[in-house]
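The chain contents come next:
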Amino acid sequence: MLITLFFLFVRIGLLSIGGGYAIIPMIQTEIVKNQGWLSEQAFTDIIAISQMTPGPLAVNTSTFVGMRMAGVAGAVAATAGCVICGIVISLSLYRFFQRHRDSKIIFELLCGLKSASLGLIASAAGTILLLTFFGSDGLPVLSQLDLPAVLLFSGTFFCLRKFRANPILLMTLCGAAGGLLSLI
Amino acid sequence: MPKKWKLCAWLFGINFFLSAFTFGGGYVVVPMVRKYFVRKKELFSEEELVEMAATAQSSPGAIAINLSALAGYRTAGAAGAAVSCVSAVLPPLLILSAVSVWYDAFASNPVVSAVLAGMQAGAAALMVDYVVDMYRIITGEHSRFLTLLAPACFAANFIFEIGAVWILLFSCALCLLRTWGRNIRAQKMKKEEKIPKC
């Protein structure tokens, strides 16, 4: 069972480029449809929990699925499988880029990739912004604008730009502020 | 040697922390790494970070973990990479084993979800801050192509919902075409220079 889990997640990890949300449909097809290990409902619950708990989404989801299937050992096997390919490939890619820095083509390629990757990060930021301000990542509806969230975002953004404040401290404060606001 | 031990211990701590505070998707790790690795410890430059982020994104798997591995590798070699990966995976493992026991109480608690929503606002601010600064670095290279490529990729992914793989592949192809075109132009220039000489 552990070995099956490990290799299943190696495959999932290997096939999912672009991180985060790209991995979810992949895990769903493998676990729910192909293997029939979990029901659709159980899987949706797992995604919800993975989004609520800290850590990268892909790691959380694989940890949780592994845990459900074979306890802590299963969680370790699934997580290891999910991340191992990415680590090995990104390290080799990095070393490859470093070694061929002087090559004109590699240099240009890297410049382009940097620019493209920043665009993708901006897109992820846009999605989170929509989720924060409007509660969904679909087309924004002005009436659903969450004013406290906008204020919280603006305050944090201001602190970051102006004082270069500590991000972990800011995150903790944001969480506390969110919790307090809900109690009032 | 003791210096390396110290670095690895620091890497373990910092990656554990970063991972424990990653809310709203793995991308938040990129600005976090900037804060601690680049600004506080000055272990590498912002340009290098953008390069690492691009590499982490072009590889399969979770970007946060890939980036942790790369930052660890850059800081303390293979040992650093190994330490970083393990410590980045630990918090989700620990937290999820606790959460799975109290799943229902946790998921339906309104205060918990309010705290998480607050943290999401913080994560959004971190990412926007990062994107603004890094885009400045890219425009600083004074290449119209690179300056336009980032917003184009943003639009392709955010508005047209084209997958990250295709965007990255297409950008690579564009870059190759561009260098190729430049080479041809350079060769033509050389030839034209030669003609009047004859």
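About the criteria used
- Residues numbered from 1 in each chain as written.
- Chains lettered and ligands numbered in written order.
- Predicted model: local features only at pLDDT ≥ 70, side-chain atom pairs only at ≥ 80, totals over all residues.
- Heavy atoms only, no water.
- Helix = DSSP H or I, 4+ residues; strand = E, 2+ residues; numbered from the N terminus.
- Buried < 20%, exposed > 50% of the residue type's maximum accessible area, 1.4 Å probe, protein only.
- Contact = heavy atoms within 4.5 Å.
- Areas by Shrake-Rupley, 256 points an atom, 1.4 Å probe, with all protein chains shown as cover.
- Polar contact = N/O pair within 3.5 Å; in protein donor to acceptor, adjacent residues only side chain to side chain.
- Core = buried A, V, L, I, M, F, W, Y, C linked by side-chain atoms within 4.5 Å.
- Axes fitted to C-alpha atoms, helices over the stretch in contact; angles between N-to-C directions.
- Parallel < 35°, antiparallel > 145°, perpendicular 65-115°, else oblique.
- Left-handed = near helix turned anticlockwise from the far one by under 90°.
- Nonpolar A, V, L, I, M, F, W, Y, C, P; charged D, E, K, R; others polar.
- 1 Å grid on protein atoms, 1.4 Å probe; cavity = no way out; pocket = protein on both sides within 12 Å on 5 of 7 lines; lining within 4 Å.
- Points joined across faces, edges and corners; volume = space filled by probe spheres on them.
- Salt bridge = Lys/Arg side-chain N within 4 Å of Asp/Glu carboxyl O.
- Patch = residues over 30% accessible without salt bridge, like charges linked within 9 Å, V, L, I, M, F, W, Y side chains within 5 Å.
- Buried area = accessible area lost by both parts, 1.4 Å probe.
- Expected span 1.5 Å × (residues − 1).
- pLDDT = per-residue confidence, 0-100.

1. Some details on the overall build of chain A
Now for step 1: Along the backbone of chain A there are seven helices and zero strands.
Now for step 2: Going residue by residue from the N terminus, the α and β elements of chain A occur as α-α-α-α-α-α-α.
Now for step 3: Overall, chain A is about 50 × 50 × 30 Å in size when its C-alpha atoms are taken along their principal axes.
Now for step 4: Within the span of chain A, comprising 184 residues, buried residues form 51% of the whole.
Now for step 5: Counting contacts in chain A only where the partners sit at least 6 residues apart, residues at least 24 apart contribute 38% of the total.
Now for step 6: Looking at chain A as shown, the accessible area adds up to about 8300 Å², and 69% of this sits on carbon and sulfur atoms.

2. Describing the environment of B:A54
Now for step 1: Along the chain, the position of B:A54 falls in helix α3 (residues 46–58).
Now for step 2: Here B:A54 falls in the buried class, since its relative accessible area comes to 1%.
Now for step 3: Sequence separation of B:A54 and B:K191 is 137 residues, and the distance between their C-alpha atoms is 38 Å.
Now for step 4: If we ignore the near neighbours within four places in the chain, the residues touching B:A54 are A:L113, A:K114 and A:S117.

3. Thoughts on the environment of A:T172
Now for step 1: Mapped onto the secondary structure, A:T172 falls in helix α7 (residues 167–183).
Now for step 2: The contacts of A:T172, once residues within four sequence positions are left out, are B:F21 and B:M119.

4. Remarks on the side chain of B:S84
Residues and elements named next belong to chain B.
Now for step 1: Structurally, S84 is set in helix α4 (residues 63–99).
Now for step 2: At a separation of 3.1 Å, a polar atom in the side chain of S84 contacts the side chain of N15.
Now for step 3: Excluding anything up to four places from it in sequence, S84 contacts L11, N15, S68 and G72.

5. Here we look at the nonpolar core
Now for step 1: One finds A:F9, B:F37 and B:Y130 to be the most contacted residues of the largest nonpolar core, which totals 118 residues.
Now for step 2: At 16 residues, helix α5 (residues 104–134) of chain A tops the list of elements feeding residues into this core.
Now for step 3: Residues contacting B:F37, with those up to four places away along its chain left out, are B:W10, B:L11, B:I14, B:L18, B:E42, B:L43, B:F44, B:A71 and B:T75.

6. So, the packing of helix α2 (residues 29–40) of chain B against α4(B)
Residue and element names in this part refer to chain B.
Now for step 1: Running from N to C, α2 and α4 point in directions that differ by 20°, and their axes come no closer than 10 Å. Of the possible angle classes, the one that applies to α2 and α4 is roughly parallel. Crossing hand, α2 versus α4: right-handed. Across the interface between the two elements, V29, V30, V33 and F37 from α2 touch A64, L67, A71 and T75 from α4.
Now for step 2: Residue composition of the contact of α2 with α4, by class: seven nonpolar, one polar and no charged.

7. Here's the deal with the layout of surface pockets
Take a probe with the size of a water molecule and roll it over the atoms, and the empty space left behind shows itself.
Now for step 1: Of the volumes computed, that of the second largest pocket is approximately 240 Å³.
Now for step 2: Those elements that provide at least two residues to the lining of the second largest pocket are α4 (57–99) of chain A together with α4 of chain B.
Now for step 3: Looking at the lining of the second largest pocket, the element that brings in the most residues is α4(A), giving seven residues.
Now for step 4: When grouped by side-chain class, the residues that make up the lining of the second largest pocket number 12 nonpolar, one polar and no charged.

8. Looking at the pattern of salt bridges
All names here are of chain A.
Now for step 1: Throughout the structure, instances matching the rule amount to 12 salt bridges over all chains.
Now for step 2: Among the salt bridges present, the one from E108 reaches K104, with a minimum N-O distance of 3.7 Å. With a gap of four residues between them, E108 and K104 both fall in helix α5, about one helical turn apart.
Now for step 3: Judged by its relative accessible area of 8%, E108 is buried.

9. Some points on a nonpolar patch on the surface
Now for step 1: A cluster of nonpolar side chains, B:I159, B:F160, B:I162, B:W166 and B:L169, forms an exposed patch at the surface whose accessible area comes to about 590 Å².
Now for step 2: Positionally, B:L169 belongs in helix α8 (residues 164–197).

10. Structural notes on the interface of chain A and chain B
Now for step 1: Contacts between the two partners involve 82 residues from chain A, matched on the other side by 96 residues from chain B.
Now for step 2: Between chain A and chain B lies a buried interface of about 8100 Å² when both sides are counted; carbon and sulfur atoms form 76% of it.
Now for step 3: Across the pair A:E108 and B:R178 runs a salt bridge, and its minimum N-O distance is 2.9 Å.
Now for step 4: Remark: the boundary between chain A and chain B carries 14 residue pairs in polar contact (both at pLDDT 80 or more).
Now for step 5: Of all the secondary-structure elements, those providing two or more residues to the side of chain A that touches chain B are α1 (2–15), α3 (40–52), α4, α5, α6 (147–163) and α7 of chain A.
Now for step 6: Looking at side-chain class alone, the side of chain A that touches chain B contains 47 nonpolar, 27 polar and eight charged residues.

11. What to know about α3(A)
Now for step 1: Here α3(A) contains 13 residues, and its C-alpha end-to-end distance of 19 Å stays within 8% of the 18 Å for a straight helix at 1.5 Å per residue.
Now for step 2: Taken as a whole, α3(A) has its buried residues at A:A42, A:F43, A:I46, A:I47, A:I49, A:S50 and A:M52.

12. Describing the confidence of the model for chain A
Now for step 1: Counting all residues, the mean pLDDT for chain A is 85, and 97% of those residues have values of 70 or more.
Now for step 2: The lowest-confidence element of chain A is α3(A), averaging 80 in pLDDT; the highest-confidence one is α6(A), averaging 91.

13. Digging into unusual backbone geometry
Residue and element names in this part refer to chain B.
Now for step 1: With a phi angle near 55°, H142 is a residue other than glycine that sits in the positive phi range.
Now for step 2: The residue H142 is located in the loop between α6 (110–139) and α7 (144–158) in this model.
Now for step 3: One non-glycine residue, E161, lies in the positive phi region at around 55°.
Now for step 4: Topologically, E161 is positioned in the loop between α7 and α8.

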